[in-house]
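For reference, the chains in residue letters:
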Amino acid sequence: MNQYSTWRYLAIFGSVLIAMLYAIPNLFGEEPAVQISSAYAREAKIDDNTQKTVDDILKNTNVTPKRIERDDKQILIRFKDTDEQLKAYTALKNGLSGFVVAQNLASTTPNWLLAIGAKPMYLGLDLRGGIHFLMAIDMQTAIRQDEERFSQEFRNLFREEKTRYKTVQRNTQGGVFISFVDVASRDKAVGLIKNRYSDLLVKTIDEPENFNATFTYTPQALKQIKDTAVEQNLTTLRNRVNELGVSEPVIQRQGEDRIVVQLPGIQDTARAKEILGSTATLEFRLVGEEGASSQQMKNREGQPVWLKRSVIVTGDQISHASSGVDHQSGRPAVMVRLDGKGAKRMYETTKENVKKPMAVLFIEHKVTTSMVDGKEVKNRQKVEEVINVATIQEAFGQNFQITGLSQNEAVNLALLLRAGALKAPMEIVEERTIGPSLGKENINQGVNSIIVGFVLVVIMITVRYRLFGMIANTALFLNVIMLVALLSIIQATLTLPGLAGILLTIGMAIDANVLIYERIREEIKIGNTPQACIYAGYEKAWATILDSNVTTLIGGLALFSFGSGPVKGFAITLCLGILTSMFTSVTISRAMTNWFFGGKKLTKLSV
Amino acid sequence: MKGLFNILRMSSYHEFNYCFMDKHRRTVWAAISTSLILISIGSFLMKGMVLGIDFTGGTLLEVQYSQGADLNKIRDTLQNGGYKDAMVQYFGSSHDVLIRLGLREEKNSQMISHEILKLLTTDQNQVMMRRVEFVGPQVGKDLIEGGLWAMLYTTIGILIYVAVRFEKRFAASAIIAMLHDPIIIIGIFSLFGLEFDLTVLAAILAIVGYSLNDTIVVFDRIRDNLLKMRKETTEEVMNVSINQTLVRTIMTSWSTLVTVLALFFVGGDLIHGFALALIIGIVVGTYSSIYVASAAALWMGVKRADLMPVTSKENALDRHS
C-alpha cells in the first residue's frame, strides 16, 4: 500500500529538478554594464567597425571592461564597478553616433543556463527603480487634425475640379461643413469626395440660399483611426525611448486608448516627459499678405506674421534630422533631410519663389485634465509659433537647415523629428517614479519578510506534525522554488505586492497539508492501520483541497483581470502559487510520504 | 496565542467538543456581527474613507534628507512656493518625508515633482527624490469601477461553483460570509482614518478568496457529516463539523497570520496598509467562516434532504476508507 511506481517517482523528481534549474538564475547577482544597440533597424548596424570604435574609445578613456559580448543587435560591455561604467558610458555616448548607448545592469547568470532559456525573474519598477507612465491618447484632437486636413484638401480638390463652393470649414462639434450656391455644384462635389474618401459619411441639408453638406467619419473608420493612432503612437514612442537610451523599456498598449511606458533605471523624469509627451512637429509655409488666403500667426517675440494657408512640407516628410551649429552664424541649427515627395515639392516651391520669405512653423498640441467643481475638464491647447522666417536665396530640395532655436530646443526638435510624430497628442494620466535605493530596499525587505514568514510557519508545522511536518515543510520549500521557477519562465513582472503574494502563498499553501494530516489523525483515532490512515487521509482531504483552492483561484483571477501594475503582480503570484501549491503539497508530499513509509510495516505514525 | 500553543502541544487523540451552534450563542454572535457591520457602514457613510491618491488623483512625493528634516520648515517652503494644500509628514524615519498634493487646476500638473524638488533643494539640507506618484483624475474612477467589477465577478463565479458543488443555500451563505469580511475591513479603515489605497483593495480581494477557502472547508465537512450522521439534527451536525475542523482552522489561520505579521513588521512602510488589511481580514475571515457562514446556512434552513442528489459522488469518495 502507498507505493508509487518508479516512473512516477522519476517524473516527480524530474519536475523538481527542472524547477530548480529554472529558479537558479535568481541567485546570481547583477553587474554594471553598458549596452550599445543600433537606433533603428535601417540605420547603423553592429559590425566589426563598431566593435573597433568601441574598443578605441574604451582604450582612450583608460577603462578596462570585464567582458564584452556582441551579437547582431547589440554590444554588451560589463564593468567591475559603477564608476568605470559611468566613465565608459559618458565616453561612448559622446563618441558613437547613430547608436543607442544605455546604462544597464546585466545578470551574471552563466551562459549554459541562458542557453536553456533560464533567466532571473523580471523585476518591476518598484523593485529596480525607474519611471512608469500611463499615457492616454486624446482622439478628439487627432480627429480634429484630420478634419482640418480634409478642409484643406477639399478646397484644393474643388479648385482643381473647378467646382464652385462658398465655404469649407470644420464644425466646432465635429465634421467638415461645406456650403454651395446651387444643388448641381453640391452634387458634383459630393460625388468627387465620395469617390476619393470612402471612409466618410455625408449628410446634406438644404436651406433657402445655401446647399450644404457635412462630412464625418463612419463608425468603422473611427474605430480604425483609433487603432492606427495607438499603433503609430506606440511606434513613435519606441523610437523616442530608443533615442533616450533606456535598456529593457516596456511600451505596451493598455485597454482601448492607453499606453504604458516603463523606463527602468531612468531618473530624469523631466526630460523623459518632455520627449515622450511632445507632439511637436513642423510645417514649412510661404509668408503671405494679410487676407483670406493667409493665416495670422505669431513669431517667438509675439509679433504677428501672415502665412499662406497652403503647406509646402510637413514634419512627416522629414526623413532625417540632426542638431548642430550653423557654420555662418554659429547659432544652433537643425539639419533636415526630406523624403522624395517632400524634396520634390520643396524644390518646385522654392524655385518659383526665390527672394521671397519662407517661414518654419512649430506646432504642438497639449492636453491636460483638471478637476473643476468635481468634473473633469480637458484643456486642449494648440501652440503655433513661427520659429524662423528666412528669404529663399536659391532653389533647394532635400537637404537644408533651420535656425531660430536655442541649443536645447534644437537637440530635442531634431530627436522628435527623427523619431516621428505622434498621431494624436498624449496626456500622462499616471506617473510613478521609484529611486534605485528605494527599489533595493523594497527587495531586501520583501525577501526578508518571506524568510521570516517561512521560518515561523516551519516551526509551527514541525512542532505539531513532527516527522510528517518535515515532509510538509520540504514540500513548502519546493513550492517556493516552483513558484519562482514559473515566474522566471513566463517572465512575469515581479512587484513588491508580488513578493507579498509569494509570502501569502506560503501561509496558505500549508493548508493542504494541515487538512491531510488532520484527516490522518482522525483516521488514527478511529483505529485504522497506519498505512490505511495515510491512504485515507490523502484521499479524503483531496475533495476539500480542490474545492477550497478553486474558490480562492476564482478570486485571484478576478483580481488579475481588473488589476493594473502592482496589483496584477500580486494576482499573478497568488494564482500561480495556488497552482504550484496543489502540486507540491499534494503530489510531492504524497510521493515523499510513500517513499519513506510506503510498503513498510508501521506501528505508529509521527503526525 | 494560548489556543495555538495548546493545539501545538496537544496529543493526536484529543477531541474538541465546544458548543458553537446553539441558539443562544448564535444570537449573541449574530448581534455582534450585525453591530460590527452597522458600525462599519455608519462610519463609511459619516466619516467616509481616507482615500489614497490611487483613487483621488494627485501627487505624492517621498524625499529623503541627509540630516533630520524639519517638517515646519518644509511646509513653509512649500507654502511660499505656491503649494498651499501640501500635506507633509514623516514616513518611517525623521529623514524620510512624504508630501501629498491634491489635483491642481493649473495645466502643468505633470511637472509638479520637479518644481518641488527644486524648491526643497535650495535649503542647506541635501534632498534625494525617493518616489514620485502622480495620478490623474481619470485613473481613480477606472480603478474603483474595476474593483467593483472584480468583486462582482468573484461573487458570481463563487456562487456558481458552490451551487454546483454543494447546494444553493450553501452558496448563498458563503456569499454572506464573503461580503461580511470586506465590509468590516473597510469599516475599520474608515473608523481609524487609515489610508485606503490600491494595495488595500487588492488585499481585500485576496481576503475574499482566503475567507471563502475557510468557509468551504467547514461546509465540506458539514456536507460529509450530514450524509453520515443520520440521527442528529442539522444544528448538532454543524457543531460536530466545526469542532472537527477546528484544529485545521486554527493551524491554517495562524500559519497565514504569521506570514502576514512578518510582512507587517519586516516588509517596510510601503506595504503596511496592505499587510494590515490582510491581518484584519484573516482574523475576521476565520471568525466569519465559523459563525457567519454556518449560522447563515442554518438560518436559511439547509437540510439533509437538500444534499441527497450528490450522494452518489460522496459514496464514490467514501469507498476508499
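Residues numbered from 1 in each chain as written. Chains lettered and ligands numbered in written order. Predicted model: local features only at pLDDT ≥ 70, side-chain atom pairs only at ≥ 80, totals over all residues.

Re the overall build of chain A
Across its full length, chain A carries 15 helices and 22 strands. Against the compact-globule benchmark of 25 Å for 607 residues, chain A has a radius of gyration of 33 Å, which places it well outside the compact range. Seen through its C-alpha atoms, chain A measures out along the principal axes to roughly 110 × 70 × 45 Å. Partitioning the intrachain contacts of chain A with sequence separation of at least 6 by distance along the chain shows that 72% fall at a separation of at least 24. (Helix = DSSP H or I, 4+ residues; strand = E, 2+ residues; numbered from the N terminus. Rg over C-alpha atoms; globule rule 2.2 N^0.38 Å. Contact = placed C-beta atoms within 7 Å.)

Considering the environment of L576(A)
Residues and elements named next belong to chain A. As for its position among the elements, L576 is in helix α15 (residues 565–597). Each C-alpha atom of the pair L576 and L483 lies 6.7 Å from the other, and the pair is 93 residues apart in sequence. If we ignore the near neighbours within four places in the chain, the residues touching L576 are L483, L486 and L487.

Quick word on unusual backbone geometry
For residues other than glycine, phi is negative in most cases, and the peptide bonds are mostly trans. Residues and elements named next belong to chain A. Look at K162: it is not a glycine, yet its phi comes out positive at around 50°. Residue position: K162 is located in the loop between α6 (139–160) and β7 (167–170). Using a count of 8 C-beta atoms within 10 Å as the deciding quantity, one classes K162 as exposed. (Buried ≥ 20, exposed ≤ 12 C-beta atoms within 10 Å, placed from the backbone.)

Looking at the nonpolar core
In terms of nonpolar packing, the biggest core is built from 205 residues, with A174(B), A202(B) and A206(B) touching the most fellow members. Of the residues forming this core, the biggest block, 20 residues, is contributed by helix α12 (residues 436–490) of chain A. Once residues lying within four places of it in the same chain are set aside, the contact partners of A174(B) are I158(B), V162(B), L212(B), T215(B), F219(B) and A293(B). The next biggest cluster of nonpolar side chains, apart from the first, holds 28 residues, and it includes L282(A), A321(A), L361(A) and I402(A). (Core = buried A, V, L, I, M, F, W, Y, C linked by C-beta atoms within 7 Å.)

Focus on the interface of chain A and chain B
Put simply, an interface is often sized by how much accessible area is lost when its parts join up. Listed by partner, the interface residues are 74 residues for chain A and 68 residues for chain B. When residues of the side of chain A that touches chain B are assigned to their parent elements, the largest contribution, 18 residues, is made by helix α14 (residues 530–562) of chain A. Looking at the side of chain A that touches chain B residue by residue, the class counts come to 38 nonpolar, 22 polar and 14 charged. Looking at chain direction, strand β21 (residues 426–434) of chain A and strand β5 (residues 127–135) of chain B are connected through five bridges and run antiparallel. Counted as the bridge partner of E430(A) is V135(B) from β5(B). (Nonpolar A, V, L, I, M, F, W, Y, C, P; charged D, E, K, R; others polar. Pairing = 2+ DSSP bridges.)

Here we look at helix α10 (residues 340–352) of chain A
All names here are of chain A. The terminal C-alpha atoms of α10, which comprises 13 residues, lie 19 Å apart, in line with the 18 Å expected from a rise of 1.5 Å per residue. Where α10 is concerned, the buried positions are G342, M346, T349 and T350. Projected down its long axis, α10 carries its buried residues within an arc of 95°, all on one side. Residues of α10 that are exposed and point over 90 degrees away from its buried face: G340, K341 and E352. On its buried side, α10 packs onto β15 (304–314) and β17 (332–338). (Expected span 1.5 Å × (residues − 1). Arc of directions from axis to C-beta.)

Quick look at the sheet that holds strand β3 (residues 87–91) of chain B
Each strand in a sheet pairs with its neighbour through backbone hydrogen bonds, running either in the same direction (parallel) or in the opposite one (antiparallel). An order of β11(A)-β12(A)-β6(A)-β21(A)-β5(B)-β2(B)-β4(B)-β3(B) is seen for the eight strands of this open sheet, with the pairing classed as antiparallel. Two strands close off the open sheet at either side, each with one partner strand: β11 (250–254) of chain A together with β3 of chain B. When the angles between neighbouring strand axes are averaged without regard to direction, this sheet yields 20°. Its contacts with the sheet put helix α4 (residues 71–80) of chain B on β3 and β4 (93–101) of chain B, and the angle it makes with β3(B) is roughly 150°. Relative to the sheet, helix α6 (residues 137–165) of chain B contacts β6 (130–137) and β21 of chain A together with β5 of chain B, its axis offset from that of β21(A) by approximately 80°. (Axes fitted to C-alpha atoms, helices over the stretch in contact; angles between N-to-C directions.)

Quick look at the domain arrangement of chain B
Taken domain by domain, chain B holds domain 1 (2–9 + 16–51 + 139–311) and domain 2 (58–135). Each of domain 1 of chain B and domain 2 of chain B has a C-alpha centre, and the two are 41 Å apart. (Domains from an automatic or database assignment.)

With respect to the environment of N17(B)
With respect to the helices and strands, the residue N17(B) is situated in the loop between α1 (2–9) and α2 (23–46). As a C-alpha pair, N17(B) and V292(B) span 275 residues in sequence and 19 Å in three-dimensional space.

What about the pairing of β11(A)?
Bridge count between β11(A) and strand β12 (residues 258–264) of chain A: five bridges; the pairing is antiparallel. Across the sheet, Q254(A) pairs through a bridge with R258(A), a residue of β12(A).

Overview of the packing of helix α13 (residues 496–526) of chain A against helix α9 (residues 234–266) of chain B
In the contact formed by α13(A) and α9(B), the axes pass within 9 Å of each other and the chain directions differ by 165°. The orientation of α13(A) relative to α9(B) falls into the category roughly antiparallel. α9(B) is crossed by α13(A), and the crossing has right-handed handedness. Judged by residue contacts, A500(A), L503(A), L504(A), I506(A), G507(A), M508(A), I510(A), D511(A), V514(A), L515(A) and E518(A) of α13(A) engage V247(B), R248(B), M251(B), T252(B), S255(B), T256(B), T259(B), V260(B), A262(B) and L263(B) from α9(B). Along the lines of polarity and charge, the residues of the contact of α13(A) with α9(B) split into 13 nonpolar, five polar and three charged. (Parallel < 35°, antiparallel > 145°, perpendicular 65-115°, else oblique. Left-handed = near helix turned anticlockwise from the far one by under 90°.)

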